[in-house]
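Reading the structure
What follows is the residue order along each chain.
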Amino acid sequence: MDKNHEMWSNIGMDVDKHDMLCEVLPGAFGDVFLSQENRPERMDYFNMVVGDIHGIRPAELIEEQKKGRKVVGTFCIHVPDEVPIAANAIVTGLCSGSQFWVPGGEKVLPTATCPLIKASLGARFDKTCPFFRIADMFVGETTCDGKKKAWEILGEDAPMYIMDIPQLKTEDDFLKWEKEIKKYIAKLEEMTGNKITEESLHNAIKIVNNKRKALQRLNNFRKLDKVPISGKDVLLITQIAFFDDPERLATMVNKLCDELDERVKNGVSVYKEGAKRILLTGTPLSIPNWKIHHIIESMGAAIVGEEMCTGLRYCEHLVDETPGTIDEQVKHLAKRYLGSINCACFTPNDDRIDDIIRLAKEYKADGVIDLNLKFCTLYDLEGRKVERALKEAGIPVMGIETDYTDEDAEQLKTRIGAFIEML
Ligand code: BJ8
């Protein structure tokens, strides 16, 4: 038995079933990523991480657990990473983006549930994802109805903690979110036995901000006329950022950005001149969901930004780094984690619409694609307002709905192709 198989079996995974995933993933990765021309050399690190995504990082997490550290798994970018980090725990993202896990989720959830939720529960119940075996605690949130009910089901099999996210952004809601963050701090202190101090929280805020700064530095290259890195590669890096050690990730992204600086000096672009520029908006794209990026960029268009949780929403806004008491720093966290994330779970959510228009201008998009995961009612309903506002702003827009299967790939190619043609 090789090292990975031994580890997977030790953490109670269904190794035979998981092998089926291992058989298809490298091929998919090769087709989507390695086939691209003129990739930056420093994508090597990210290729390596994703090439052994269920091996390298899980092994690190298990090593840290042996030293007594706890691992916390999260599903939403409203849940502040800074809190576990300040308690010397490790955070890992858990949202799942493969059809492989969906049938397992459908055993415990209605078919008419979004694929992200189905895949996440399938990954746990089918025992086919190491991150879902390793996490000592799963942190859910009350964003959409599907997730709220899914946490109850997941809670039958895994230790859950729920954060109650307000759905408005009034003064009272900020106070409520501060209270929720304080409860989360108490939970982490109890779980780890480590006290969160002013210093440890401040240090954690700086660590996560540095990751955000690196990711934003990377995204800034996409505003240029000659874009030195593909949208696919930036998506991959963002997806990896949810799993990797935050300090190492920031270092590797900054090294890549140094290479991109050189590319800019030399006028290198990964796209042909005149490639149409697309901004994506909508539901998140969890690893390994590369479907839409692959379709769009295979047609020669450029994805220059994602107004998504797996995109600019993840890195654009920093937490205020002014040192202070725990109360003051929690205020800074609440401001950033409630105020600057425009999930469709909020009402009203007009800031998202303003953001899409702003980003379309900043990243010089020729058009916007509003992407909805099937059965996500929140984003689907909001799509009407998004599309109307973009039309009023004179920005071409197209809405598409899809899932994790490839069944609609041909139809999507036709529709997206016609949209790009029209730009
Ligand atoms: S802040 S987008 S990460 S909740 S796609 S599960 S909303 S039915 S993922 Fe999300 Fe946080 Fe919002 Fe972002 Fe429900 Fe829709 Fe599925 Fe969704």
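What you see is a predicted model, and the numbers here were worked out from it, not measured in a lab. (Residues numbered from 1 in each chain as written. Predicted model: local features only at pLDDT ≥ 70, side-chain atom pairs only at ≥ 80, totals over all residues. Heavy atoms only, no water.)

A word on the pattern of salt bridges. Inspection of the entire model under this criterion finds 39 salt bridges. In this structure, the salt-bridge partner of Glu82 is Arg212, at a minimum N-O distance of 3.2 Å. You can see Glu82 sitting in helix 5 (residues 82-86) and its partner Arg212 sitting in helix 11 (residues 198-220), a full 130 residues away along the chain. Judged by its relative accessible area of 0%, Glu82 is buried. (Salt bridge = Lys/Arg side-chain N within 4 Å of Asp/Glu carboxyl O. Helix = DSSP H or I, 4+ residues; strand = E, 2+ residues; numbered from the N terminus. Buried < 20%, exposed > 50% of the residue type's maximum accessible area, 1.4 Å probe, protein only.)

A few words now on the sheet that holds strand 4 (residues 160-163). In spatial order, the strands read 2-1-3-4; together these 4 strands make up an open sheet with parallel pairing. The sheet is open, and its two edges are formed by strand 2 (90-93) and strand 4, each paired on a single side. Averaged over all pairs of adjacent strands, the angle between their axes in this sheet comes to 30°, without regard to strand direction. Against the sheet, helix 10 (residues 171-192) touches strand 1 (71-74), strand 3 (137-141) and strand 4, its axis set at about 160° to strand 4. (Pairing = 2+ DSSP bridges. Axes fitted to C-alpha atoms, helices over the stretch in contact; angles between N-to-C directions. Contact = heavy atoms within 4.5 Å.)

Looking now at the layout of surface pockets. The computed volume of the second largest pocket comes to approximately 510 Å³. Elements that contribute at least two residues to the lining of the second largest pocket include exactly helix 2 (15-34), helix 14 (291-298) and helix 19 (409-422). With 5 residues, the single largest contributor to the lining of the second largest pocket is helix 2. For the lining of the second largest pocket, the per-class residue count stands at 12 nonpolar, 7 polar and 3 charged. (1 Å grid on protein atoms, 1.4 Å probe; cavity = no way out; pocket = protein on both sides within 12 Å on 5 of 7 lines; lining within 4 Å. Points joined across faces, edges and corners; volume = space filled by probe spheres on them. Nonpolar A, V, L, I, M, F, W, Y, C, P; charged D, E, K, R; others polar.)

The 4 strands lie next to each other as 6-5-7-8, forming an open sheet whose pairing is parallel. In this open sheet, the two edge strands, each paired with only one partner strand, are strand 6 (302-307) and strand 8 (397-402). Strand after strand, the sheet turns through a mean of 25° between neighbouring axes, direction not considered. Contacts between helix 18 (residues 377-392) and the sheet are confined to strand 5 (277-282), strand 7 (367-373) and strand 8, with strand 7 contributing the most and set at about 170° to the helix.

Our focus in this paragraph is the packing of helix 17 (residues 350-362) against helix 18. Packing of helix 17 against helix 18 leaves a shortest axis separation of 10 Å and a crossing angle of 50°. Considering their axes alone, helix 17 and helix 18 lie oblique with respect to each other. Handedness of the helix 17/helix 18 crossing: right-handed. Packed against helix 17, whose contacting residues are Asp350, Arg352, Ile353, Ile356 and Ile357, the element helix 18 presents Tyr379, Glu382, Lys385, Val386, Ala389 and Leu390 at the interface. Taken together, the residues of the contact of helix 17 with helix 18 sort by class into 7 nonpolar, no polar and 4 charged. (Parallel < 35°, antiparallel > 145°, perpendicular 65-115°, else oblique. Left-handed = near helix turned anticlockwise from the far one by under 90°.)

A separate point is the nonpolar core. Phe46, Tyr184, Leu188, Leu236 and Ile296 are the most contacted members of the largest nonpolar core, which totals 142 residues. Counting residues per element, this core draws most heavily on helix 11, at 7 residues. Excluding residues within four positions of it along the chain, Phe46 makes contact with Leu236, Ile237, Ile240, Leu249, Met252, Val253 and Leu256. (Core = buried A, V, L, I, M, F, W, Y, C linked by side-chain atoms within 4.5 Å.)

Bringing the site of the ligand into the picture now. Surveying the vicinity of the ligand reveals 16 residues, the closest of which are Cys114, Cys144, Cys309, Cys343 and Cys376. The residue makeup of the shell around the ligand, split by class, is 12 nonpolar, 3 polar and 1 charged. (Near = heavy atom within 4 Å.)

A few words on empty space enclosed by the protein. Overall, the coordinates contain 2 cavities of 30 Å³ or more when judged by the stated rule. Glu307, Leu312, Arg313, Glu316, His317, Ser340, Asp355 and Leu359 are the residues that line the largest cavity. In terms of residue class, the lining of the largest cavity is made up of 2 nonpolar, 2 polar and 4 charged. Volume-wise, the second largest cavity comes out at about 30 Å³. Taken together, Leu285, Asn289, Lys291, Ile292, Leu371, Leu373, Thr402 and Asp403 make up the full set of residues lining the second largest cavity. For the lining of the second largest cavity, the residue count by class is 4 nonpolar, 2 polar and 2 charged.

Another aspect to go through is helix 7 (residues 115-125). In terms of burial, helix 7 is a largely internal element, 10 of the 11 residues being buried. Among all positions in helix 7, only Pro115, Leu116, Ile117, Lys118, Ala119, Ser120, Leu121, Gly122, Ala123 and Arg124 are buried. Where the residues of helix 7 are buried, they touch helix 6 (102-106), helix 8 (130-134), strand 3, helix 9 (145-154) and strand 7. Following helix 7 by one or two positions, Lys127 has its phi on the positive side, about 60°.

The next point concerns the environment of Met1. As for its position among the elements, Met1 is in the segment before helix 1 (3-10). The class of Met1 is exposed, set by a relative accessible area of 75%.

A separate point is the environment of Arg42. In this structure, Arg42 sits in the loop between helix 2 and helix 3 (44-51). Measuring from C-alpha to C-alpha, the distance between Arg42 and Cys257 comes to 8.8 Å, with 215 residues separating the pair along the chain. Not counting residues within four places of it along the chain, the set of residues in contact with Arg42 comprises Lys255, Leu256, Asp258 and Glu259.

The next point concerns the side chain of Ser340. Topologically, Ser340 is positioned in the loop between helix 16 (326-339) and helix 17. A polar side-chain atom of Ser340 sits 2.7 Å from the main-chain carbonyl oxygen of Arg336. If near-sequence neighbours (up to four positions away) are discounted, Ser340 is found in contact with His317 and Lys335. (Polar contact = N/O pair within 3.5 Å; in protein donor to acceptor, adjacent residues only side chain to side chain.)

Our focus in this paragraph is the side chain of Arg124. Here Arg124 is to be found in helix 7. Within the local environment of Arg124, its side chain forms a polar contact with the backbone oxygen of Asp157, the two atoms lying 2.7 Å apart. Dropping the residues within four chain positions of it, Arg124 is found in contact with Phe132, Arg133, Phe138, Leu154, Asp157 and Ala158.

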